[in-house]
Amino acid sequence: MSLEAIESLNRRYLTLRNAEAVRVLKIQDEIVSEIRGFLKREGFVEILAPIIGPVTDPGIRGAKQVSIDYYGANFKIMSSMILYKQMVITSLPKIFALSPNIRLEPLETVKTRRHLTEFRQMDLEVANATYMDMMDLGERMFCHVITKMKQTCSKELREQKRILKVPRRPFKRYTYKEAIEILENLEICVKYGLEIPWDGEEALSKIHSEPFWITDYPVTARGFYYMEHEDNPTILKDFDLIYPEGFGEAISGGEREYRYDKIVERMRRSRENISDYGWYLDMLRSGIPLSAGFGIGVERLTRFICGLENIWDAVPFPRVAGVHSP
């Protein structure tokens, strides 16, 4: 990150006043409102997201969790509310929340221009749904938001010199295996079984003009809470939506494992400290339904819609790895 960019973040109380920042925040307000409206019409109930808890999502791709002393107990600040979504769908079958997340990202993530250490996801979950159901929902939601932005924010988008196109459905779908084969042809090597690295996602994104899915990641690449395929337990029922034009990952989600024995087995394989997950395992023993869901980052969606170079320009109070901004 340049000294100029750091100075801009440190003086956010001034840069927040410029015309582009005002436009971006107006567009972001419309984005959140349209997602909320879409999900409410789909029968979802909005809940309040947790901010702290005994455990949080361990599958955060090299970022560190933040711990606090909570009256003598070690609590985590949420890196994702995934485990809590599985809790609440026992009461409400279709839920969403505007969920704040903290992840201490490695310093090198600044170079991606799409990582923040504090960000918000529109996080949703549906009981008795499949991961295919969620991809269909994600496509419809994304197309709805783009359509509405073109209508309600035409002036701001014109001033941003941003031309949006409503994608054609269904979106292109690649399996993880197909995606890494494409990357090999681009001379980017990804070891099978690992997450697709950020530069790989960006490279795939750059060669597409419309969003696309990557599905069926290997079990070694993702968290213990994703469901394995019945006919091939080395592959998960999960997905990522990738923006076009080099903007990278948009949505991440999938179908959830809900059986106690399977979860414990997966935790042991991934070397999780099982004793940390007491309430979660007790919940699984009591019985919860199959579910599926995803999260979509609000700042990344804002960045894409506004055509911003840097994600820290898509949030009023940016938190960027290594920068001590206001």
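Here we summarise the structure given alongside this text. (Residues numbered from 1 in each chain as written. Predicted model: local features only at pLDDT ≥ 70, side-chain atom pairs only at ≥ 80, totals over all residues. Heavy atoms only, no water.)

## So, a nonpolar patch on the surface
Taken together, I51, I52, Y70 and Y71 make up a surface patch of nonpolar side chains, about 450 Å² in accessible area. On the basis of relative accessibility, which here comes to 31%, the residue I52 falls in the partly exposed class. (Patch = residues over 30% accessible without salt bridge, like charges linked within 9 Å, V, L, I, M, F, W, Y side chains within 5 Å. Areas by Shrake-Rupley, 256 points an atom, 1.4 Å probe, with all protein chains shown as cover. Salt bridge = Lys/Arg side-chain N within 4 Å of Asp/Glu carboxyl O. Buried < 20%, exposed > 50% of the residue type's maximum accessible area, 1.4 Å probe, protein only.)

## Quick look at unusual backbone geometry
Between R169 and P170 the backbone carries a cis peptide bond, its omega angle lying at -5°. Located in the positive-phi region is K161, a residue other than glycine, with phi close to 60°. Within the secondary structure, K161 is located in the loop between α6 (154–159) and β7 (172–175). Judged by its relative accessible area of 77%, K161 is exposed. Unusually for a residue other than glycine, D216 sits at a positive phi of about 60°. Examined against the element boundaries, D216 turns out to sit in the loop between β8 (212–215) and β9 (228–229). (Helix = DSSP H or I, 4+ residues; strand = E, 2+ residues; numbered from the N terminus.)

## Quick look at the sheet that holds strand β1 (residues 45–46)
Strand order across the open sheet formed by eight strands is β1-β5-β6-β13-β12-β11-β8-β7, with mixed pairing between neighbours. Sheet topology places β1 and β7 at the edges, where each strand pairs with a single neighbour. For strand β6 (residues 118–127) and strand β13 (residues 291–297), the ladder comprises seven bridges, and the chain directions are antiparallel. Considered in β13, the bridge of L124 is made with F294. Across the sheet, helix α8 (residues 198–206) touches β8, β11 (238–243) and β12 (248–255), and the angle it forms with β11 is around 60°. (Pairing = 2+ DSSP bridges. Contact = heavy atoms within 4.5 Å. Axes fitted to C-alpha atoms, helices over the stretch in contact; angles between N-to-C directions.)

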